[in-house]
Amino acid sequence: MQYSRRHFIKTSAALATGLSVASLPAGVNAGQKGMKPSSSGNSLSSLLPAGGKTGGKAGGKAPSAKMKLSWKAYDLALKHTFTISGFSRKSTPVVLTKIECDGVTGYGEASLPPYLGETQASVIEFLKKVDLSRFSTPMHMEDILTYVDNIAINNSAAKASVDIALHDLVGKMIGAPWHNMYGLDKTEVPDTTFTIGIDNDEVVKEKTREALGDFNILKVKVGGPDDKRMIKAIRSVTDLPLAVDANQGWKERGEALDMIHWLKEEGIVMVEQPMPKLKLDDIAWLTEESPLPIFADESVQRLSDLHRLKGVFSGINIKLMKCTGMREAWKMRNLAEALGMKVMMGCMTETSCAISAAAQLYSGMDFADLDGALLIANDCFEGATLQNGKIIASDLPGIGVVPKKETAI
Ligand code: MG
């Protein structure tokens, strides 16, 4: 009887999170026949909500405990004024979220760069509509996140803040980091780019020198009259590979192709969003002619965008804040690969909370742009870290983060 109940809990929880039991990490399988259940540590039965430990019977309902969602507005202070094609700013508003359930807390985040249209007020208004008490267990992630997605259209960063917190909570309850549950080697990740914003030559050279040693690839914001000057300034300091992001800045496809040929000679390895997001015919022509891979950023938001972008771009830039979080990012990654497209993982200016969530699922991708937490002076989480030019997730369960003590979340 004891075995049956534990076996049911283990199996139902694993199925609910899309896992095979065999894929769970060592400590999670403590309920196997002939093994003593551990009273502490990270065995699944010890981590499940109270109802799962004390109630129910074989074949009964899944463990039940109510989830509580809460949030806090927070402003990220940027280390340097950030300039991209058309915008300049010194801070980024975010909303930090948490979902508590049976003594376990999952953390999430919505990052809100002003040009994307969401605000702290709109996120909080959305979160007030989210009623997680209607669900009996956080393990039913597909049901919960489908419900959240259907509350309102858009609000993708607000939805991501719930998605990330739920993933963190469920990973902690199971006792495993998500990169293990996805079956990924967290160290087999592409180097992260470090972004050099548009600025005068002296500032560009200084920022480039600061990045040397820590990064193996830099990203340059282009898309205007300063493009060649910026690249030459960086090339006077380093021969590191460079990615460029035009942020829709090139308006004419012939000029864009000329520029891409010039960039290829300068050691650039990829181009992000060369032209306005709706100019798909021009971009398809450019991708066909280009000697460098062309990635969609502004042209792609969610899973449903992918089919129309096949044959238009070489690859897509997946960002949790655009696509509503980890659940959809994982689906996008898999669909893009099935369509024969390249994939990169990107980010906004974010704390280590959202960056650590992204770090769970980008092993094996072609490029990464996960420098968001490195650009801020008041990161309120510890989690994924920069190691030899790569952002590497921690081994902690869930998304692998710990809030810093000085920050009450
Ligand atoms: Mg971009």
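Before reading on, note that the structure itself is shown above.
Now for a quick tour of the structure. (Residues numbered from 1 in each chain as written. Predicted model: local features only at pLDDT ≥ 70, side-chain atom pairs only at ≥ 80, totals over all residues.)

**Structural notes on unusual backbone geometry**
Operational definition: Each helix corresponds to a stretch of at least 4 residues labelled H or I by DSSP, and each strand to a stretch of at least 2 residues labelled E; elements are numbered beginning at the N terminus.
The backbone phi angle of Asn 155 is positive, close to 55 degrees, even though this residue is not glycine. Structurally, Asn 155 is set in the loop between helix H5 (141-149) and helix H6 (156-174). In the Ramachandran plot, Gln 273 falls in the positive-phi region, its phi being about 35 degrees despite a non-glycine side chain. Relative to the assigned elements, Gln 273 resides in the loop between strand S7 (268-272) and helix H11 (280-289).

**Some remarks on helix H15 (residues 352-359)**
This is how the line gets drawn: Using C-beta atoms placed from the backbone, we call a residue buried if 20 or more other C-beta atoms fall within 10 Å of its own, exposed if 12 or fewer do, and partly exposed for counts in between.
Of all 8 residues in H15, 8 are buried; the element is thus mostly enclosed. Ser 352, Cys 353, Ala 354, Ile 355, Ser 356, Ala 357, Ala 358 and Ala 359 are the residues of H15 that are buried.

**What about the sheet that holds strand S4 (residues 193-196)?**
The following threshold applies: Strand pairing is assigned whenever DSSP detects at least two bridges linking the two strands. We call two residues in contact when the distance between their C-beta atoms, placed using the backbone, is within 7 Å. Angles here are taken between N-to-C directions and fall from 0 to 180 degrees, while the axes themselves are lines fitted to C-alpha atoms, restricted in helices to the stretch in contact.
Strand order in the open sheet formed by 8 strands is S4-S5-S6-S7-S8-S9-S10-S11, with parallel pairing between adjacent strands. In this open sheet, the two strands that pair with only one neighbour each are S4 and strand S11 (367-368). Across 4 bridges, the pairing between strand S9 (residues 315-318) and strand S10 (residues 342-345) is parallel. When the bridges of S10 are listed, Gly 315 appears paired with Lys 342. Each of S4 and strand S5 (217-221) touches helix H8 (residues 201-211); the most contacted strand, S4, lies at about 160 degrees to it.

**Looking at the pairing of S7**
For the record, the criterion: When the strands point away from the viewer, a crossover counts as right-handed if the path from the first strand over the helix to the second runs clockwise.
With 4 of 5 residues buried, S7 is to be regarded as a mostly interior element. In the sheet, strand S6 (residues 242-245) pairs with S7 via 4 bridges, with the strands oriented parallel. Residue Asp 245 lies in a different strand from S7, and its bridge partner there is Glu 272. Inspection of the sheet shows S7 paired to strand S8 (residues 294-296) by 2 bridges, in the parallel sense. Directly across from Glu 272, in S8, lies its bridge partner Phe 295. Taken together, S7, H11 and S8 form a β-α-β motif whose crossover is right-handed.

**Topic: the nonpolar core**
How we decide: Here, a nonpolar core denotes buried Ala, Val, Leu, Ile, Met, Phe, Trp, Tyr and Cys residues that are linked to one another through C-beta atoms within 7 Å.
With 112 residues, the main nonpolar core has Ile 316, Leu 320 and Ala 358 as its most contacted residues. In this structure, Ala 358 is in contact with Leu 320, Met 345, Cys 347 and Leu 370, ignoring residues within four places of it in sequence.

**A closer look at the packing of helix H4 (residues 120-128) against H6**
Quick reminder of the rule: Note on angle classes: values under 35 degrees are labelled roughly parallel, values over 145 roughly antiparallel, values of 65 to 115 roughly perpendicular, and the remainder oblique. Crossing chirality is assigned from the near helix's rotation relative to the far helix, an anticlockwise turn below a right angle marking it left-handed and a clockwise turn marking it right-handed. Under this grouping Gly is polar, as are all residues other than the nonpolar Ala, Val, Leu, Ile, Met, Phe, Trp, Tyr, Cys and Pro and the charged Asp, Glu, Lys and Arg.
Where H4 contacts H6, the axes come no closer than 9 Å and their chain directions differ by 55 degrees. Considering the angle they form, H4 stands oblique to H6. Handedness of the crossing formed by H4 with H6: right-handed. Counting all contacts with H4, which are made through Val 123, Phe 126 and Leu 127, the residues of H6 involved are Ala 157, Ala 158 and Ser 161. For the contact of H4 with H6, the residue count by class is 5 nonpolar, 1 polar and no charged.

It is worth stressing that arrangement in space is one thing and function is another; only the former is reported here.
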